[in-house]
Amino acid sequence: MKRCFFDLHIFPNEKNWREMVFRAREFGFKALGLTVREKSRLRTLKGIVSEAEAMGIQVLTRLDLSPTLSKGFSAEVKWAKGSFDLVAAECLTGKDIIAAAKSPVNILFIDSGSSLGLRERDFKPLVGSQKFFELNLSPLLMKRGLERIRKLSHLMRGLAWLQKLKVPTILSSGAKEPLEMRSPFDMASFFYIAGLSLEEGLKGLSRNPATLIETVKAERDPEEPFPSPFSF
Amino acid sequence: MYPKRVKRRYIAFRILGEGTFTSREVMEEIRNELLRLYGEHGVAKADLQPIEFDEKNLLGILRCERSSLMEVRAALTALMEISGRPVALHCLGVSGTLKSLRRKFLRNP
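Nothing here was measured: the structure is a model prediction, and the numbers come from that model. (Residues numbered from 1 in each chain as written. Chains lettered and ligands numbered in written order. Predicted model: local features only at pLDDT ≥ 70, side-chain atom pairs only at ≥ 80, totals over all residues. Heavy atoms only, no water.)

S.K.: Help me understand the side chain of S138 of chain A in this model?
M.R.: Residue and element names in this part refer to chain A. Its location among the elements puts S138 in helix 6 (residues 138-142). With relative accessibility at 5%, the residue S138 sits in the buried group. Setting aside its immediate chain neighbours within four residues, S138 contacts S173, G174, A175 and E180. (Helix = DSSP H or I, 4+ residues; strand = E, 2+ residues; numbered from the N terminus. Buried < 20%, exposed > 50% of the residue type's maximum accessible area, 1.4 Å probe, protein only. Contact = heavy atoms within 4.5 Å.)

Here it is as structure tokens:
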């Protein structure tokens, strides 16, 4: 059976979204997570969704919230879940991870500007929480020299803990520009250097995001149609 | 005693980006990226060789050691610019022979 690939984290803007959707389709992605960081941009995103779906790709809307910067994080997540398909927590510190694990957020990831080196105790709140930890490729591609060395080192350690604690991981591009996007096999190949086997990497781009989407769908009111229905 | 037969892999890739590039520029940047990620030992072990590069369509083929395939693919993925111009390298496919690589991925037997 042919795998379906998902890139649930891209940041298109009004100028480049067509090229990003086109490239994702060319790379063989079945669905994209179009992401914004401000709730007020939902209307712009909705305008893109219908046109992108007409281009032959399933689209999910996603909001990234920061537990540090949000006032009443859990309440904000609950509100956002009514408007966006996916809600993610952009974590800067270990405290953010604890706050996100307690909230109804679907995905957690480490902010690209964070110098946080995660330890086992940071990941423990995620065990059995049915939340997905996301690893983004773009911050690793954009860095050079010592900064990339530090990021790769954190990634290797973090991945070892995630695998040990059996926290499901998803891989995403986190791309802001079309040239930051990569094909599923290329993404899995890059994460291989951090200690993720090719098979695990591909699972993080196919089966795990599919499970996440199914979980989100199941959380919703059955009467309410899910904006981007999938059949796996 | 003869050394073991070297097993190789051929990689077809496409450059996404604007502008034209020479085979030399492309190979130099790929080697530099591999050097940044894996050091001199990694570059020597990979035994990278350019096979061909179509400057018009920005399609290329390179050869590497089978045991270094994943490292080379990671370097191709990590490449963000060639001669100062932003690009992305998309690996089209990998094969053990040039003939099957061309047949499967470049449709040019």
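S.K.: Could you clarify how one ought to interpret the sheet that holds strand 4 (residues 81-82) of chain B in this entry?
M.R.: The strands that make up a sheet pair up through hydrogen bonds in the backbone, lying either parallel or antiparallel. Residues and elements named next belong to chain B. Overall, antiparallel pairing links the five strands, which are arranged 2-3-1-5-4 in an open sheet. Across the chains shown, the open sheet's two edge strands, defined by having one partner strand only, are strand 2 (49-54) and strand 4. Inspection of the sheet shows strand 1 (residues 8-17) paired to strand 5 (residues 85-95) by eight bridges, in the antiparallel sense. Bridge pairing in strand 5 links Y10 to S95. (Pairing = 2+ DSSP bridges.)

S.K.: Explain the interface of chain B and chain A here, please?
M.R.: A common way to express how large an interface is: the accessible area buried when the components associate. Taken together, the 20 residues of chain B in the interface contact 21 residues of chain A. Taking both sides of the interface into account, the surface hidden between chain B and chain A amounts to around 1,700 Å²; carbon and sulfur atoms contribute 62%. Of all residues in chain B, the largest losses of buried area upon contact with chain A belong to M70, T77 and M80 of chain B, amounting jointly to 35% of the total for that side. Viewed at the interface, chain A and chain B are joined by four salt bridges. The salt bridge partner of R144 of chain A is E33 of chain B, with a shortest N-O separation of 3.3 Å. (Buried area = accessible area lost by both parts, 1.4 Å probe. Salt bridge = Lys/Arg side-chain N within 4 Å of Asp/Glu carboxyl O.)

S.K.: What's the story with the layout of surface pockets in this structure? I'm lost.
M.R.: Any space left empty among the atoms is revealed by the rolling of a water-sized probe across them. In this structure, the largest pocket occupies an estimated 380 Å³ of space. In terms of lining residues, the largest pocket is bounded by 18 residues, among which F5, F27, G28, P184 and F185 of chain A are the most central. The set of elements that each furnish at least two residues to the lining of the largest pocket consists of strand 2 (29-36) and helix 8 (184-192) of chain A together with strand 5 of chain B. Among the elements that line the lining of the largest pocket, the one with the most residues is strand 5 of chain B, at four residues. Grouping the amino acids of the lining of the largest pocket by side-chain chemistry returns nine nonpolar, four polar and five charged. (1 Å grid on protein atoms, 1.4 Å probe; cavity = no way out; pocket = protein on both sides within 12 Å on 5 of 7 lines; lining within 4 Å. Points joined across faces, edges and corners; volume = space filled by probe spheres on them. Nonpolar A, V, L, I, M, F, W, Y, C, P; charged D, E, K, R; others polar.)

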